Amino acid sequence: MAPEGIGELRDLFFLLVLCLTLLAELLEMATASSHGLDGQGGIECPSVCRCDEDFIYCNDRGLSAIPPLPPSATVLYFQNNHIDNPGLPKSLEHHIKVSVIYLYDNELDDFPMQLPPSLRELHLQDNNIRVLPRAALTRLPLLQKLHLDDNSVSTVSIEDQAFADNPRLRLLFLSRNHLSSIPSGLPSALEELHLDDNRISTIPTHAFRGLSSLRRLVLDGNLLANQRIADDTFSRLSNLTELSLVRNSLQTPPLNLPSAHLQRLSLQDNAIIHMPRGSLDSMRRLQRLDLSGNNLTTLPRGLFRDLESLGQLLVRGNPWHCGCNLRWLHDWLEAKGNTITVRGFICQTPEKVRDMALRDLTNQMDECELATAGGGGAGTGNGGNRVSGASFGAISTTHPPPQGSLFTLRSKRPGLGFPETGLDYTLSSSGVGKNLALNVKPLSHDSIRVTWSVAQTTSSFRLSWLRLGTSSTMGSITETLVRGDQREYLLTSLQPASSYIICMVPLVSYSGSRSSLSWGDTDSNEVPVCARTETTDPKNSNDDQAEDQSFVQMTSIPLVGIIGGAITIVSLALIIAIFCWYGHRAGRLTSRDHYSQSTSRKSKHFDDYIESGTKKDNTILEIRGPGFQMTPIAARQPLQPKPVQEDYIIHTIFPSNGTGLYKPPDNISNSGYGINRGYREGGIPDIDYSYT
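Residues numbered from 1 in each chain as written. Predicted model: local features only at pLDDT ≥ 70, side-chain atom pairs only at ≥ 80, totals over all residues. Heavy atoms only, no water.

Participant: Any chance you could explain the overall build of the protein chain here in plain terms?
Facilitator: Looking only at helices and strands, the protein chain has 7 helices and 29 strands in total. Looking at the protein chain as a whole, 40% of its 692 residues are labelled buried. The long-range share in the protein chain, meaning contacts at least 24 apart out of those at least 6 apart in sequence, stands at 59%. Carbon and sulfur atoms provide 53% of the accessible area of the protein chain, an area that totals close to 37,800 Å². (Helix = DSSP H or I, 4+ residues; strand = E, 2+ residues; numbered from the N terminus. Buried < 20%, exposed > 50% of the residue type's maximum accessible area, 1.4 Å probe, protein only. Contact = heavy atoms within 4.5 Å. Areas by Shrake-Rupley, 256 points an atom, 1.4 Å probe, with all protein chains shown as cover.)

Dropping the structure here:
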């Protein structure tokens, strides 16, 4: 019975060990699953990365390829690595839970094709992507935000209808690329478009067609000018709330800006010299206006009359002329009080108010008399007032407003009574009025020079011009204010081969402490002086330009000849001076040699010791040792012209410092050549006889 009991205990022991083994395996599997193991491939968080639930942080790891990822990952951070296109695994597109991928600052040359279709936000900025293929974007139907800043995308490298299969795309960033125009085929759901720091120079009418949902448009740092922006370009963006046109070449704000919902308008760092009256009309929701860094000297009365919500006005870096022309603005700012923040209204002229803030000129502005008159004015109701006080500051506009082929400064009510364009008006190139004589002259196909003279003191002028068309209706009038001390004005960027009527009204100021000047409103009693001229045809002007160039070339020939002659004379003088100096130096050397030879020897023979020792046979002096000197034996009889034999004595020359003239190499240890004393010890006599 004892052996049978022992066997049963053995079986029970083995069964217990088996149960414990199975239990250990189950515990190990449970622990592994809690650490991120899955039942398909056993993929866990990559060892080089850090995982926080579904967020995989593999940025700044120096990776060249994306490692295997757990299937539960939703947000991938792989920025600031060395990942190229071969480093994107094919398995990446099978991670259907991934919604955001950060791949900026890597080494991608092409738009990735192995991205998961569930992607909603993709960051690819600061790579070297050149082409946007439609095939790659079609794989991302749920994409909402695409960042492609700092790449090499050009307009031609965006395939036609590249975004046709991305109906949910709301944000598109293409800043700092190589775009030369607005990309076509943008999705209609787009709400924010960044195209800053490109090479965009032209915006046609259809550029933003279909983008009615666009709310923010950034076009900073391009090559935009008024002449290359269509009149109704921005009018299609009815829901636009922010427009930024910083660092371009605009001279006035673009025409027909969207006014219904616009809240932020940035026009700083351009070349704006004129703000047309009515350019900010109906912008009742505008909250921030930035006009810093331009060339504005004044603002037209009533410019801000509709800006009911304006809370921030930035106008730094403009040469403001704080005269009576800005009295309306001073009153408008006083009425706004603390409801608006103003930065940069610092006066530059006149000199008496230089570096003073416009709001601090209450005493100076009191010198300007205000008389209530009709017409639209500023927010305080003084818009149609007339201004006096020319002694404080006159209306000044130092720069002319631009003109171009795609825009004009339109006026709903022309301030001047221009003649009807349908009549055959008999105006000439000059006009004379009661106090003003006007003369106009075309200078080129797109510019006209206007000169005038006045009979009495005038604080300023209002200059207006109108391009005549084929229709009988009144065209668009452009006007500007000119300083009273100015007597000429240049109209530029005009239409070639077109007729223009140019009119001028003096805003007269009378002498005395109190004076009255006409502001130039539509109800002014001043009669304009008008003249008519035509710009030339550019085809015909080419011949004139060629003649002018040939004339300039002909007039420059004498000047070139004079300069060339002067250079030649100076060069010849230098050459002659060099020859004279060389000849003088050579003569001195020759005379010195002759003197030394004549004093040492009274007579010269054919084969004296100088010729035989230095000219005819130089090899006899090439002795690798201390130097020698050859002197002739004092002959008691004169030498023959051709002696058969001459006797010479060779003296060894011993320097005074005890060293030889020839320093042997260090590896020569023969004492016979160390110092001069060695010559005697070596058996070499001091004096030997030589026969030649």
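Once you've had a look at it, read on.
Participant: What is the right way to look at the packing of aromatic side chains in this model?
Facilitator: Under the definition given, this model contains 8 aromatic pairs. Between Trp 452 and Phe 461 the ring centres are 5.5 Å apart and the planes differ by 65°, which places this aromatic pair in the edge-to-face class. Exposure remark for Trp 452: the relative accessible area of 5% places this residue in the buried category. The ring of Tyr 57 is capped by Arg 50, whose NZ or CZ atom sits 4.3 Å from the centre of that ring. (Phe/Tyr/Trp six-rings, centres within 6.5 Å; stacked < 30°, edge-to-face > 60°. Lys NZ or Arg CZ within 6 Å of the ring centre and 35° of its normal.)

Participant: Looking at this structure, I do not really get the nonpolar core. What am I missing?
Facilitator: Across soluble globular proteins, nonpolar side chains show a tendency to be buried alongside one another. Counting residues in each nonpolar core, the largest one holds 92 residues, and the members touching the most others are Phe 111, Leu 219, Phe 234 and Phe 304. Among the secondary structure elements, those contributing two or more residues to this core are helix 2 (134-138) and helix 3 (327-336). Here this core takes 4 residues from helix 3, the largest share from any one element. Ignoring anything within four residues of it in the chain, the contact list for Leu 219 reads Ile 182, Leu 195, Asp 196, Ile 200, Ile 203, Phe 208, Leu 224, Phe 234, Ser 244, Leu 245, Val 246 and Asn 248. Listed in part, the 18 residues of the second largest apolar core include Leu 436, Trp 452, Val 529 and Ala 531. (Core = buried A, V, L, I, M, F, W, Y, C linked by side-chain atoms within 4.5 Å.)

Participant: I would appreciate a short explanation of the environment of Asn 435 in the present structure.
Facilitator: With respect to the element layout, Asn 435 can be found in the loop between strand 19 (430-432) and strand 20 (436-444). Judged by relative accessible area, Asn 435 falls into the partly exposed class, the value being 23%. Along the sequence, Asn 435 and Val 527 sit 92 residues apart, while their C-alpha atoms lie 9.9 Å from each other.

Participant: Where do I start with the state of the cysteines in this structure?
Facilitator: Think of a disulfide as a covalent bridge from one cysteine sulfur atom to another cysteine sulfur atom. Following the criterion strictly, the structure yields 4 disulfides and no others. A disulfide bridge connects Cys 49 with Cys 58, and the sulfur atoms are separated by 1.8 Å. Across the disulfide from Cys 49 to Cys 58, rotation about the S-S bond amounts to roughly 115°, and the bridge is consequently right-handed. (Disulfide = S-S within 2.5 Å.)

Participant: What should I look at first to understand the side chain of Asp 196 in this one?
Facilitator: Structurally, the position occupied by Asp 196 is in the loop between strand 8 (192-194) and strand 9 (216-218). Taking relative accessible area as the criterion, Asp 196 reaches 10% and is therefore assigned buried.

Participant: I tried to follow helix 3 on my own but got confused; where do I start?
Facilitator: Residues lying three or four places apart along an α-helix face the same way, a consequence of the helix completing one turn every 3.6 residues. Counted residue by residue, helix 3 has 8 buried out of 10 residues, so it is predominantly covered. Turning to helix 3, its buried residues are Arg 327, Trp 328, Leu 329, His 330, Asp 331, Trp 332, Leu 333 and Lys 336. Two residues or fewer after helix 3 comes Gly 337, characterised by a positive phi angle close to 65°.

Participant: Honestly, the pattern of salt bridges in this entry has me stumped. Any pointers?
Facilitator: Counting across every chain of the model gives 16 salt bridges. Among the ionic pairs, Arg 176 bridges to Asp 196, the shortest N-O distance being 3.8 Å. With a gap of 20 residues between them, Arg 176 in the loop between strand 7 (171-173) and strand 8 and Asp 196 in the loop between strand 8 and strand 9 connect regions that are remote in the sequence. The salt bridge involving Arg 216 is made with Glu 192; its shortest N-O contact spans 3.1 Å. (Salt bridge = Lys/Arg side-chain N within 4 Å of Asp/Glu carboxyl O.)

Participant: Would you mind going over the confidence of the model for the protein chain with me for this structure?
Facilitator: Any residue range with low pLDDT should be treated as having predicted coordinates unsuitable for detailed reading. Overall, the prediction assigns the protein chain a mean pLDDT of 74, with 66% of residues at 70 or greater. Scored below 50 in pLDDT, residues 393-426 shows 114 contacts in the model against residues more than four places distant or in partner chains. Low pLDDT, under 50, characterises residues 598-628; the predicted model gives this stretch 39 contacts beyond four residues in sequence or across chains. (pLDDT = per-residue confidence, 0-100.)

Participant: In this structure, what is going on with unusual backbone geometry? I would like to understand it.
Facilitator: Most peptide bonds are trans, and most residues other than glycine sit at a negative phi. With an omega dihedral of -5°, the bond running from Thr 349 to Pro 350 counts as a cis peptide bond. Summarising the element assignment, Pro 350 is placed in the loop between strand 16 (347-349) and helix 4 (362-365). The residue Gln 161 is not glycine, and still its phi comes out positive at about 55°. For Gln 161, the position within the fold is in the loop between strand 6 (145-147) and strand 7. Within the chain, Asn 256 stands out as a residue other than glycine whose phi angle is a positive 55°. Tracing the backbone through its elements, the reader meets Asn 256 in the loop between strand 10 (242-244) and strand 11 (264-266). Relative accessible area serves as the criterion here: at 43%, Asn 256 is assigned to the partly exposed category.

Participant: Hey, could you run me through the environment of Ser 238 in this one?
Facilitator: Relative to the elements of secondary structure, Ser 238 occurs in the loop between strand 9 and strand 10. Each C-alpha atom of the pair Ser 238 and Leu 211 lies 9.1 Å from the other, and the pair is 27 residues apart in sequence. With residues up to four places along the chain from it excluded, the contact list for Ser 238 reads Ser 212, Ala 260 and His 261.

Participant: Please explain a nonpolar patch on the surface as it appears in this structure.
Facilitator: Taken together, Leu 16, Leu 20, Leu 23, Leu 26 and Leu 27 make up a surface patch of nonpolar side chains, about 510 Å² in accessible area. Its place among the elements puts Leu 16 in helix 1 (residues 2-34). (Patch = residues over 30% accessible without salt bridge, like charges linked within 9 Å, V, L, I, M, F, W, Y side chains within 5 Å.)

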